[in-house]
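# Structure at a glance
As a plain string of letters, each chain reads:
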Amino acid sequence: MTLALYRRLALLAALLALGVVALGAYVRLSDAGLGCPDWPGCYGHLVGVPDAPHEHAQAARLFPDRPVEAAKAWKEMIHRYAAGTLGLLIAALAVGAWRGVWTERGPLRRALPTALVGLVLFQALLGMWTVTLLLKPLVVTAHLLGGMLTWGGLLALNLQLRPNLTPAPERLPAASPGLRRGAALFVLLVLGQIALGGWVSSNYAALACGDFPACTGGQAWPAADWHHAFTLDRSLGATADGALLPGAALTAIHLAHRAGALAVLAAAAALALALLRQGHRGAAAALAGLTLLQAGLGVANVLATLPLPLAVAHNTGAALLLAGALALCHRLARAPRRDRDAPAPRPGGWRQLHPAG
């Protein structure tokens, strides 16, 4: 496989991965996660969903407690087709890497494409368990996080394949070790917040707080059940003992996500200021813009009572924020090393204009 073809496949896979993340959010938020009661087919159909009257009758015999809802079933199957196509593209990328694709800097490293294959296989298992375990929150959240990691891994592969996406090292301002560590920690913080967002979504807790900035009834921090909220091994809408999950637990889940959002905003502000101090103005602006956009979408979802387009946009915004954080790490890794966290020198200073002064 030529490098040019490999690059095109990697770009296509990354774009499809972003689409799968958005499509998965749409399926989940439109309550179509169980549109097909079986896996990998749908009411016994490997291709399509039951449409004809005799097919509906057969589906009723196979799944007497799950009447066919064709619209929801098609949403779920389209998501599965897209995810399956993505898996084939990633498999092709892994095969190409093992057969020896050469870049300008030598042979392509095999570790990342191989790891992506393993991640996609695990994602397929999570997709099956999502159906068979009836939307168990831990499985749904892990499935969302796995999709985000797949998108992030494909983005990292594209950055590795296309060094021209970032300015050459000699054209980048220097970056201190502290700035590099801060960017890496920000990636982990974003992933943690995505996991919290997945926990909110999988537990249907997005509207547990109906006001902003207060939660409910003018209270910023109402009574919350933290124990049941973060008991991981339980069914949807139930405690670990099988009782009905109390509303205070949903409140706790929502409050945790809000607290995480504040932590991301604070970290993004600190990181953007550090980037400005060291001369990375464009990166600082991009980081601030993506973070504020995502925070604004979160607030808008609460105030507008979670309309489907805004909810899907919030999930997609999380994927874009993760991409921005990973791209920042890539940029800083290529930048020259600065020994200290001091501000970047200003070009054209007085000493340069008047060297004898």
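This text follows the structure it describes.
Structural notes, computed from the coordinates.

Cut-offs and rules
Residues numbered from 1 in each chain as written. Predicted model: local features only at pLDDT ≥ 70, side-chain atom pairs only at ≥ 80, totals over all residues. Heavy atoms only, no water. Helix = DSSP H or I, 4+ residues; strand = E, 2+ residues; numbered from the N terminus. Buried < 20%, exposed > 50% of the residue type's maximum accessible area, 1.4 Å probe, protein only. Lys, Arg positive; Asp, Glu negative; His and termini not counted. Charge placed at Lys NZ, Arg CZ, Asp CG, Glu CD. Expected span 1.5 Å × (residues − 1). Patch = residues over 30% accessible without salt bridge, like charges linked within 9 Å, V, L, I, M, F, W, Y side chains within 5 Å. Areas by Shrake-Rupley, 256 points an atom, 1.4 Å probe, with all protein chains shown as cover. Salt bridge = Lys/Arg side-chain N within 4 Å of Asp/Glu carboxyl O. 1 Å grid on protein atoms, 1.4 Å probe; cavity = no way out; pocket = protein on both sides within 12 Å on 5 of 7 lines; lining within 4 Å. Points joined across faces, edges and corners; volume = space filled by probe spheres on them. Nonpolar A, V, L, I, M, F, W, Y, C, P; charged D, E, K, R; others polar. Phe/Tyr/Trp six-rings, centres within 6.5 Å; stacked < 30°, edge-to-face > 60°. Axes fitted to C-alpha atoms, helices over the stretch in contact; angles between N-to-C directions. Parallel < 35°, antiparallel > 145°, perpendicular 65-115°, else oblique. Left-handed = near helix turned anticlockwise from the far one by under 90°. Contact = heavy atoms within 4.5 Å. Core = buried A, V, L, I, M, F, W, Y, C linked by side-chain atoms within 4.5 Å. Disulfide = S-S within 2.5 Å.

## A short note on the overall build of the protein
Looking only at helices and strands, one finds 11 helices and 2 strands in the protein. Ordered by position in the sequence, the α and β elements of the protein form the string α-α-α-β-β-α-α-α-α-α-α-α-α. For the protein, the spread of C-alpha atoms along the three principal axes comes to 90 × 60 × 30 Å. By residue count, 45% of the 357 residues in the protein fall in the buried class. Distance between charge centres in the protein, computed from 28 positive and 15 negative side chains, equals 19 Å.

## Things to note about helix α3 (residues 70–99)
Taking 1.5 Å per residue, 30 residues should reach 44 Å; α3 reaches 43 Å between its end C-alpha atoms and fits that length. Following α3 by one or two positions, glycine 100 adopts a phi angle in the positive range, close to 95°.

## Quick notes on a nonpolar patch on the surface
Taken together, Leu46, Val47, Trp74, Ile78 and Tyr81 make up a surface patch of nonpolar side chains, about 510 Å² in accessible area. As for its position among the elements, isoleucine 78 is in helix α3. Among the residues examined, isoleucine 78 registers a relative accessible area of 43% and is labelled partly exposed.

## Description of the pattern of salt bridges
Counted by the stated rule, this structure contains 4 salt bridges. Among the salt bridges present, the one from arginine 80 reaches glutamate 76, with a minimum N-O distance of 2.9 Å. Linking arginine 80 with glutamate 76, this pair stays in helix α3, spanning 4 residues, or about one helical turn. Given the relative accessible area of 12%, arginine 80 is considered buried. For lysine 136, the salt bridge is made with aspartate 233, and the minimal N-O distance between the two is 2.6 Å. With lysine 136 in the loop between α4 (111–132) and α5 (137–161) and aspartate 233 in the loop between α7 (226–229) and α8 (247–277), the pair connects residues that are 97 residues apart, well separated along the chain. Using a relative accessible area of 55% as the deciding quantity, one classes aspartate 233 as exposed.

## Describing the layout of surface pockets
Which parts of space are left empty comes out when a probe the size of a water molecule is rolled across the atoms. As a volume, the largest pocket reaches approximately 1,000 Å³. Among the secondary structure elements, those contributing two or more residues to the lining of the largest pocket are α1 (3–29), α5, α6 (177–202), α8, α9 (281–303) and α10 (308–334). Here the lining of the largest pocket is composed, by residue class, of 29 nonpolar, 12 polar and 2 charged. The volume enclosed by the second largest pocket comes to roughly 850 Å³.

## Notes on the packing of aromatic side chains
With the rule as written, the count across this model stands at 4 aromatic pairs. Measuring from centroid to centroid gives 5.6 Å for tyrosine 43 and phenylalanine 63, while their planes differ by 90°, and the two rings are edge-to-face. Separated by 20 residues along the polypeptide, tyrosine 43 in the loop between α1 and α2 (53–62) and phenylalanine 63 in the loop between α2 and α3 bring together distant segments of the chain. The exposure class of tyrosine 43 is buried, given its relative accessible area of 3%. Between tryptophan 226 and phenylalanine 230, the aromatic rings sit 6.2 Å apart at their centres with planes inclined by 10°, giving stacked as the arrangement. Taking relative accessible area as the criterion, tryptophan 226 reaches 36% and is therefore assigned partly exposed.

## Things to note about the packing of α9 against α10
Running from amino to carboxyl end, α9 crosses α10 at an angle of 160°, the nearest separation of the two axes being 9 Å. What the angle tells us is that α9 and α10 run roughly antiparallel. Note on packing geometry: the crossing formed by α9 with α10 is left-handed. Touching Ala283, Leu290, Thr291, Gln294, Leu297, Gly298, Ala300 and Asn301 of α9 are Leu310, Ala311, Ala313, His314, Gly317, Ala318, Leu320, Leu321, Gly324, Leu328 and Arg331, all from α10. Its residues assigned to classes, the contact of α9 with α10 shows 11 nonpolar, 7 polar and 1 charged.

## Brief notes about unusual backbone geometry
Cis geometry is adopted by the peptide bond preceding proline 40, which originates at tryptophan 39 and carries an omega value of 5°. The residue after phenylalanine 212, namely proline 213, is reached through a cis peptide bond having omega 5°. At tyrosine 43, a residue that is not glycine, the phi angle is positive and equals roughly 55°. The phi angle at leucine 134 is positive, at roughly 55°, despite the residue not being glycine. In this fold, leucine 134 is placed in the loop between α4 and α5.

## Topic: the nonpolar core
Membership of the largest hydrophobic core comes to 55 residues, with the highest contact counts inside it found for Trp151, Leu154, Phe186 and Leu275. Looking at this core, the elements with two or more residues in it are α1, α3, α4, α5, α6, α8, α9 and α10. With 10 residues, α1 is the single largest residue contributor to this core. Discounting residues that sit within four places of it in the chain, tryptophan 151 has contacts with Ala14, Ala17, Leu18, Val21, Ala319, Leu322 and Ala323.

## Concerning the state of the cysteines
Tallying each qualifying case throughout the model produces 2 disulfides. A sulfur-sulfur separation of 2.1 Å characterises the disulfide bridge that pairs cysteine 36 with cysteine 42. One quick way to see it: the torsion about the S-S bond of cysteine 36 and cysteine 42 is about -85°, and its sign makes the bridge left-handed. Each of the two residues, cysteine 36 as well as cysteine 42, counts as buried. Along the protein, the cysteines engaged in disulfide bonds are linked according to the scheme 1-2, 3-4 when indexed in sequence order.

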